[in-house]
Amino acid sequence: MHTQVAIIGGGVGGTVTANRLIKSLHGERRQTVDITIYETKRMHTYQPGWLYVPFSQFRPMTITRPEVRLLHEGIILKSGTEGTVTSLDTNTKTLVTADGISHRYDYLIFATGARNVPEEVAGYAEGSDHFYSEEAARALRAKLDAFEGGVIVTGVSSIPHRCPPAPLEFTFLLDDMLRKQGLREKTEIHYVYPINRVFPIESVAELAAPILEERGIQVHTFFNVDEIHPEKKLVTSLEGEELSYDLLVLTPPHQGSALAKQSGISDADGWIPTDHHTLRVKGYEDANIFAIGDSTDLPVSKSGAAAHFEGIVVAETIADELRGRAPAHTYEGRVVCFLETGRNQASILWFDYKHPPKPPKPSLFWHLDKTALNRFYWEIIPPAIA
Amino acid sequence: MTLPVDREIDARGSHCPGPLMELIRGSKSLADGQTIAVLSADAGSKKDIPIWVEKAGYKLLAVEEQENGVARFVVQKVARKS
């Protein structure tokens, strides 16, 4: 009987895991293992690209490609109802898809990502824009195109969320755009953040805070969004602050997948308790269930980079086990991501569990690196060549 | 001795700003006057939590030191003056 490796989710983590695993298996072993990705959507999205859509720097169609084209030969992709997992039984090691078919698995990888839950903040859906989906990014682009000056409030409604640097990056790019359009002097920009600095990691907050100040962006820390009043164009914080706005661009509240929650393997917000190093799901250590990427409760950024590095560890662990060897790979919290600071400059955040980032001074060099990643993501990341 | 509270959150194993965010999330569902405790093993919480409690206008009733570097922060939600 073939060994069944089931990967739920065809984002960067699921795709890297599948591609790396099939590359790591050789000869006869490769013929006896079925690797299946279950993914509702047929298109794979380079999510960091959404940041640029509101500024018309990227068109949405350039940041999506068919998932099937990103997979090595031999990987099975189930999408649509065939790829939508509706329930899971960890005792019988089976999952059921929306077409009613039950599938057996020997290894299960949760690569289910994170989802926007705007309903968690009163008034968010009607009152705030964001760029954490294609639809939302397009709608925000239309509003920015029509913007003629006023008050823009940017920032974060709650932590954790995908791509932690993105709210800062958006704010810097917004400042750039308004200056180019001659609208900056007619616009106040306010950046709100839930904790007592502008970013969770201190070294990054220390880099970003002076840039915000230099650009004339007003910062409100310890601003935990309590309620949004769309009719009054007012956002209030738990700490008692109120801000009026003409345009509100807050990162939406996030949760993990509904499937993880419904299966009882996650916490109340859908994040999956995951071993920091083996990436096995806690409580299911002997059941061959792993979690990677945004779906986990790991203390690292919810980013494609983390999902990528985690996917490689899981793929190599499974490959080792299938070869009868002790797994030799562990995840040490590695993340590499960029921080666009506007004016064609960026910094890079390179860190792991033990080593916080020491972001270099923003420069054109790192901006060009980010630009290159945006361009060559498809050739470098999903194929799992690094 | 530990102070009894209306809601207890175990944020051990969660790193900065995790315990603070757990406290903030947990306090949203409290009525004025109710109490909440958060357990944290993260050293940063000793700085962050008292500052946030003051900013929010709540009361920090106790910081109870427990074993293995764990601290229990006991907070009371206070009605905001309008």
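Calculation rules
- Residues numbered from 1 in each chain as written.
- Chains lettered and ligands numbered in written order.
- Predicted model: local features only at pLDDT ≥ 70, side-chain atom pairs only at ≥ 80, totals over all residues.
- Heavy atoms only, no water.
- Helix = DSSP H or I, 4+ residues; strand = E, 2+ residues; numbered from the N terminus.
- Rg over C-alpha atoms; globule rule 2.2 N^0.38 Å.
- Buried < 20%, exposed > 50% of the residue type's maximum accessible area, 1.4 Å probe, protein only.
- Contact = heavy atoms within 4.5 Å.
- Areas by Shrake-Rupley, 256 points an atom, 1.4 Å probe, with all protein chains shown as cover.
- Lys, Arg positive; Asp, Glu negative; His and termini not counted.
- Charge placed at Lys NZ, Arg CZ, Asp CG, Glu CD.
- Pairing = 2+ DSSP bridges.
- Salt bridge = Lys/Arg side-chain N within 4 Å of Asp/Glu carboxyl O.
- Disulfide = S-S within 2.5 Å.
- Domains from an automatic or database assignment.
- Buried area = accessible area lost by both parts, 1.4 Å probe.
- Nonpolar A, V, L, I, M, F, W, Y, C, P; charged D, E, K, R; others polar.
- Polar contact = N/O pair within 3.5 Å; in protein donor to acceptor, adjacent residues only side chain to side chain.
- Patch = residues over 30% accessible without salt bridge, like charges linked within 9 Å, V, L, I, M, F, W, Y side chains within 5 Å.
- Expected span 1.5 Å × (residues − 1).
- Axes fitted to C-alpha atoms, helices over the stretch in contact; angles between N-to-C directions.
- Left-handed = near helix turned anticlockwise from the far one by under 90°.

### Details of the overall build of chain A
Phase 1: In terms of regular secondary structure, chain A is built from 9 helices and 21 strands.
Phase 2: A compact globule built from 386 residues would reach a C-alpha radius of gyration of about 21 Å, and chain A, at 21 Å, matches this within 12%.
Phase 3: Here the C-alpha coordinates of chain A stretch approximately 70 × 40 × 35 Å along the principal axes.
Phase 4: Buried positions account for 58% of the 386 residues belonging to chain A.
Phase 5: Counting only contacts in chain A whose residues sit at least 6 apart along the sequence, the fraction spanning at least 24 positions is 65%.
Phase 6: Carbon and sulfur atoms form 51% of the exposed surface of chain A, whose accessible area is close to 15,900 Å².
Phase 7: Across chain A, the mean location of the 38 positive side-chain charges is 6 Å away from that of the 49 negative side-chain charges.

### Comments concerning the pairing of strand S20 (residues 335–342) of chain A
Residues and elements named next belong to chain A.
Phase 1: Judged by how many residues are buried, S20 sits mostly within the fold: 8 of 8 residues are covered.
Phase 2: The side-chain alternation of S20 yields two buried faces, one formed by Val335, Cys337, Leu339 and Thr341 and the other by Val336, Phe338, Glu340 and Gly342.
Phase 3: Two elements, S20 and strand S21 (residues 345–351), share 7 bridges in a ladder whose sense is antiparallel. Residue pairing for S21: Glu340 is matched across the bridge by Ala346.
Phase 4: The turn joining S20 and S21, which pair antiparallel and follow one another in sequence, is formed by 2 residues; a positive phi near 55° is taken by Arg343.

### So, the pattern of salt bridges
Phase 1: What the rule picks out here adds up to 21 salt bridges over all chains.
Phase 2: Between Glu214 of chain A and Arg215 of chain A there is a salt bridge; the shortest N-O distance is 3.7 Å.
Phase 3: Ionic pairing is found between Asp269 of chain A and Arg25 of chain B, a salt bridge with its closest N-O pair at 3.8 Å. Of this pair, Asp269 of chain A sits in the loop between helix H7 (258–262) and strand S19 (289–291) while Arg25 of chain B is found in helix H1 (residues 18–28), placing the two residues in two different chains.
Phase 4: Given the relative accessible area of 22%, Asp269 of chain A is considered partly exposed.

### Re the state of the cysteines
Phase 1: Evaluation of the coordinates by the stated rule reveals 0 disulfides over all chains.
Phase 2: Cysteine Cys337 of chain A is unpaired, with the sulfur of Cys163 of chain A as its nearest cysteine sulfur at 6.6 Å.

### Some thoughts on the domain arrangement of chain A
Residues and elements named next belong to chain A.
Phase 1: By the assigned domains, chain A splits into domain 1 (3–113 + 257–334) and domain 2 (119–253).
Phase 2: Between domain 1 and domain 2, roughly 1,600 Å² of surface is buried when both sides are summed, and carbon and sulfur atoms account for 71% of that area.
Phase 3: Across the contact surface, domain 1 and domain 2 share 0 salt bridges.
Phase 4: Of the residues assigned to the side of domain 1 that touches domain 2, the class counts are 9 nonpolar, 4 polar and 2 charged.

### What to know about the side chain of Ser27 of chain B
Phase 1: Positionally, Ser27 of chain B belongs in helix H1.
Phase 2: A polar side-chain atom of Ser27 of chain B sits 2.9 Å from the main-chain carbonyl oxygen of Ile24 of chain B.
Phase 3: Leave out the neighbours within four places in its chain, and Ser27 of chain B touches Leu238 of chain A together with Ile36, Trp52, Tyr58 and Lys77 of chain B.

### Things to note about the environment of Ala307 of chain A
Phase 1: With respect to the secondary-structure elements, Ala307 of chain A resides in helix H8 (residues 304–322).
Phase 2: Sequence spacing of Ala307 of chain A and Thr296 of chain A is 11 residues, and the spatial spacing of their C-alpha atoms is 9.8 Å.

### Comments concerning a nonpolar patch on the surface
Residues and elements named next belong to chain A.
Phase 1: Where nonpolar side chains cluster on the molecular surface, the patch consists of Phe376, Ile380 and Ile385 and spans about 270 Å² of accessible area.
Phase 2: Within the element layout of this structure, Ile380 appears in helix H9 (residues 364–380).
Phase 3: Look at Ile380 and you get partly exposed, because its relative accessible area is 32%.

### A few points about helix H5 (residues 166–180) of chain A
Phase 1: For H5 of chain A, spanning 15 residues, the distance from its first C-alpha to its last is 21 Å, which sits close to the expected 21 Å at 1.5 Å a residue.
Phase 2: Two residues or fewer after H5 of chain A comes Gly182 of chain A, characterised by a positive phi angle close to 75°.

### Considerations on the packing of helix H1 (residues 12–24) of chain A against H8 of chain A
Helix-helix packing is described using two parameters, namely the angle between the two axes and the distance between the axes.
All names here are of chain A.
Phase 1: Between H1 and H8, the shortest axis-to-axis distance is 8 Å and the interhelical angle comes to 30°. When you trace H1 past H8, the crossing you get is right-handed. Side by side, H1 and H8 meet where Val12, Gly13, Val16, Thr17, Arg20, Leu21 and Ser24 of the first sit next to Gly304, Ala307, His308, Gly311, Ile312, Val314, Ala315, Glu316, Ile318 and Ala319 of the second.
Phase 2: Here the residues of the contact of H1 with H8 sort into 9 nonpolar, 6 polar and 2 charged.

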